[in-house]
Structure formats: C-alpha cells, structure tokens
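Chain by chain, the residues run as shown.
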Amino acid sequence: MMESFLAEKDGYVVAVVGATGAVGQTMLEILAERNFPVSELIPVASSRSAGSTVEFKGKEYVVQDLEKFDPAGCDIALFSAGGGTSKTHAPRFAEAGCYVVDNSSAWRMDESIALVVPEVNPHVLEMARENRIIANPNCSTIQLVVALKPLHDAVPIERVVVSTYQAVSGAGGKAVEELAKQTTQLLNGQSADINVLPARIAFNVIPQIDVFMDDGYTKEERKMMDETRKIMEADIAVTATTVRVPVFYGHSESVNVTFSGPMDADRARELLADAEGVCVVDDPKGEDYPMPSMAAGTDPVWVGRIRNDYSSFNSLHLWVVADNVRKGAALNAVQIAEILIRHA
Ligand code: A2P
C-alpha cells in the first residue's frame, strides 16, 4: 500500500485547467459521476473564455483566467490546455503545493516525471512526491498499454506493430465541429472548409496526426512508440502508423503483438477477460466485436478480433477500442487523482 499523497479531508480544492475544452468538460463530468470529493471546484481557461460559466453537479461556476489565477490553496489541478500552457503554468501550480495531472505531451518523456496509467504502472507515482507533476499519456497509448500489460505479464512482449483509427475529438472540440460542418457542407453540394485538421476529414481518412518529423514519422507515432516503452518499463520494439478517421468519439487500433515465448489467442482471451479495465467482446460467429459506436461514453478498453497471426511465431492480432476522451484522457486523469487522495 502506498503512503498517502494528500492529507485526508472531506473534500479537496480541484482546479480544471482547460475546463471549456473537450477533455476539460469530460473531466468535470467524470469528477461528478465518480463522486470525487470536491470542496471547491475552480474552472480555469484562457482570457478568451474567462468570465463565462461551466456547469458542475448542476451548478454554474465562473471560469478563471489562467494568467491571473493564483493556485495557492489548490490540492489538485487537472490540466488539459495544450503543451505550451502546461510547460509555463504547471510548475507554478506545483510550487504552490498543488498536484498537477497534466494531459499534454509537455512532461511525458521527462525522466523525472511519472507517466501513469493506473491499471498498468501506479507505482511510478512515487516519483511525483517531490515534483508534484504527473503526466497523463497520449490517448492512443493509454488504450494500447491497458490491453498489452496483462499479456506482457504472462509472456514478455518483444514487438508491437500498431495502426490507429483515431476520432476527431482527439484533436479537440474545434475538430469535432469541423467534421460535423464538413459533412453538412458536402451533403449540400458545397465545398468543405478546412481549418483545424491538415486535410478534409469528412468522407476521408488522413494518415497524419500531429506534425511530421525529419524521419517521416509523425509526432503522434513517436509519442506512441516512446510512451509505450516508458509505461511498460520494457525494451519492447514498437512501431506505429496513426490515422485520423471521420468518427467523433472512440479510437480504434489494429495491434499485432509478438511474444518472446508461446502465446495463443485462447490464452490471450482468458488473460484479457480477467484484466482490470478491459472488456473482451470477441464473437466472430455472432459478428460481435468492439466499435467506437459502442465504446463512446464508456470507461473500459474494449478488445476483440483476438486471433493467431499465422505469418509469425508467437504472434497475435488484437483490435482495441476505447473512448479517447474518457479512458484516453479525462478518466485516466481522474483515476490518477483518486490515487492521490487514497488513504489506507
Ligand atoms: P479557451 O476556451 O479559453 O480557449 P480543446 O482541446 O477542446 O480545443 O480545448 C482546449 C482548452 O484549453 C480550452 O479550455 C481552452 O480555453 C484551453 N486553453 C487553450 N489555450 C490556453 C491558454 N493559453 N491558457 C489557458 N487555457 C487555454
């Protein structure tokens, strides 16, 4: 049992930074749903939306301007307001004694920062006692490692090849609006306005998420490869192709896994059926498998299409689906906050 992080209290002062955004809004919903003990809720965003209100448990709260906000007295801050914002402001909150759970990529690969998925590596939270900043992994990485960990614990994984089918909500509320607007425009014979994503997303797929690096991979692909190895604490060879698809909520992943010893589909199905945070839906005869339409709005990581890869020894195919805004971001952050307030 871990020693407690925050002193036991009836309720905690919780700031949600980026409270007007797609992930921030879901953080508020999940804090309410899970009855997180909140004595004071402070929504924070940029000066653009400061003074507007957000709803939490049926009450309206006025949004504070991050630049002017004094974090003294905050116990926990859930940040989802972009990497630059986190780099500048998370240390300010941490120095004021507040634990920051940061959803951006700003701190994830920093060696001194814990990168946490509660079902996989909660023990690394120990690192956060001093620096008080905890990184929430990339949405695609979270659902991948939740599915891989129970298999890796049984037989160490050597290699993972993953291709993603990612929903537009992963790029924020404005990208959700863009898919809706472009769909309407095209169905009405108009041309599609492209403002947020790098190409038209309605009736299309885009093999680019985030920017390209010199080696031809995108940053999203690099994040998945690096973060998976850090969270799994293993020298696993990981390669990724990340693709945006015209789905509002729910990322899907085709995952090919090679193990260092014998593993087959039946055993993997059993291990995943018993795993924390995983739901197996895998019935080819009944044509039943996970899809974003069923995963959206739910908490688990859904796994199906589990089958032996006959082209390679000790290798399997998996199909992994989760709500990218919930388990991929807001829920994972709230689960981390729940560990921070846990008392024996
Ligand atoms: P704002 O509403 O003031 O723009 P999304 O990921 O859905 O695009 O949401 C991004 C969230 O991050 C919003 O709540 C947005 O607030 C917030 N945000 C973006 N930039 C900043 C910033 N510089 N300072 C504070 N909050 C920011």
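Note that this is a predicted model, so its numbers are computed, not measured.

Caption draft 1: Focus on the pattern of salt bridges. Per the counting criterion, the structure on display carries 17 salt bridges. We note a salt bridge from Glu338 to Arg34, for which the minimum N-O separation is 2.8 Å. Placement of the pair is Glu338 in helix α9 (residues 326-340) and Arg34 in the loop between α1 (22-33) and β2 (38-45), with a sequence separation of 304 residues. Given a relative accessible area of 22%, Glu338 falls into the partly exposed group. On the basis of relative accessibility, which here comes to 32%, the residue Arg34 falls in the partly exposed class. As a salt-bridge pair, Arg269 and Asp282 come within 2.7 Å of each other at their nearest N and O atoms.

Caption draft 2: Here's a closer look at the packing of aromatic side chains. Under the defined criterion, the tally for this structure stands at five aromatic pairs. Taken together, a centroid distance of 5.2 Å and an interplanar angle of 70 degrees make the contact between Tyr165 and Trp319 edge-to-face. Placement of Tyr165 in strand β10 (residues 157-165) and of Trp319 in strand β15 (residues 315-322) is noted, with a sequence separation of 154 residues between them. Given the relative accessible area of 36%, Tyr165 is considered partly exposed. Through successive ring pairs, a cluster of aromatic residues spans Phe69, Phe79 and Phe93. One residue, Arg129, lies across the ring of Phe5, its end atom 4.0 Å from the ring centre. Directly above the aromatic system of Tyr99 lies the positively charged group of Arg132, at a separation of 5.3 Å from the ring centroid.

Caption draft 3: Quick peek at the site of the ligand. In the vicinity of the ligand, 15 residues are found, and the nearest of them are Thr20, Ala22, Ser46, Ser49 and Gly173. Within the side chain of Ser46, one N or O atom sits 2.5 Å away from an oxygen atom of the ligand. A distance of 2.9 Å separates an oxygen atom of the ligand from a polar atom in the backbone of Gly173. Calculation on the ligand without its partners gives an accessible area of 570 Å², and the protein chains cover 71% of this total. Split into classes, the residues belonging to the shell around the ligand amount to five nonpolar, nine polar and one charged.

What counts, and at which threshold
- Residues numbered from 1 in each chain as written.
- Predicted model: local features only at pLDDT ≥ 70, side-chain atom pairs only at ≥ 80, totals over all residues.
- Heavy atoms only, no water.
- Salt bridge = Lys/Arg side-chain N within 4 Å of Asp/Glu carboxyl O.
- Helix = DSSP H or I, 4+ residues; strand = E, 2+ residues; numbered from the N terminus.
- Buried < 20%, exposed > 50% of the residue type's maximum accessible area, 1.4 Å probe, protein only.
- Phe/Tyr/Trp six-rings, centres within 6.5 Å; stacked < 30°, edge-to-face > 60°.
- Lys NZ or Arg CZ within 6 Å of the ring centre and 35° of its normal.
- Near = heavy atom within 4 Å.
- Polar contact = N/O pair within 3.5 Å; in protein donor to acceptor, adjacent residues only side chain to side chain.
- Areas by Shrake-Rupley, 256 points an atom, 1.4 Å probe, with all protein chains shown as cover.
- Nonpolar A, V, L, I, M, F, W, Y, C, P; charged D, E, K, R; others polar.

Everything listed here is a matter of coordinates, which is why it stays silent on function.
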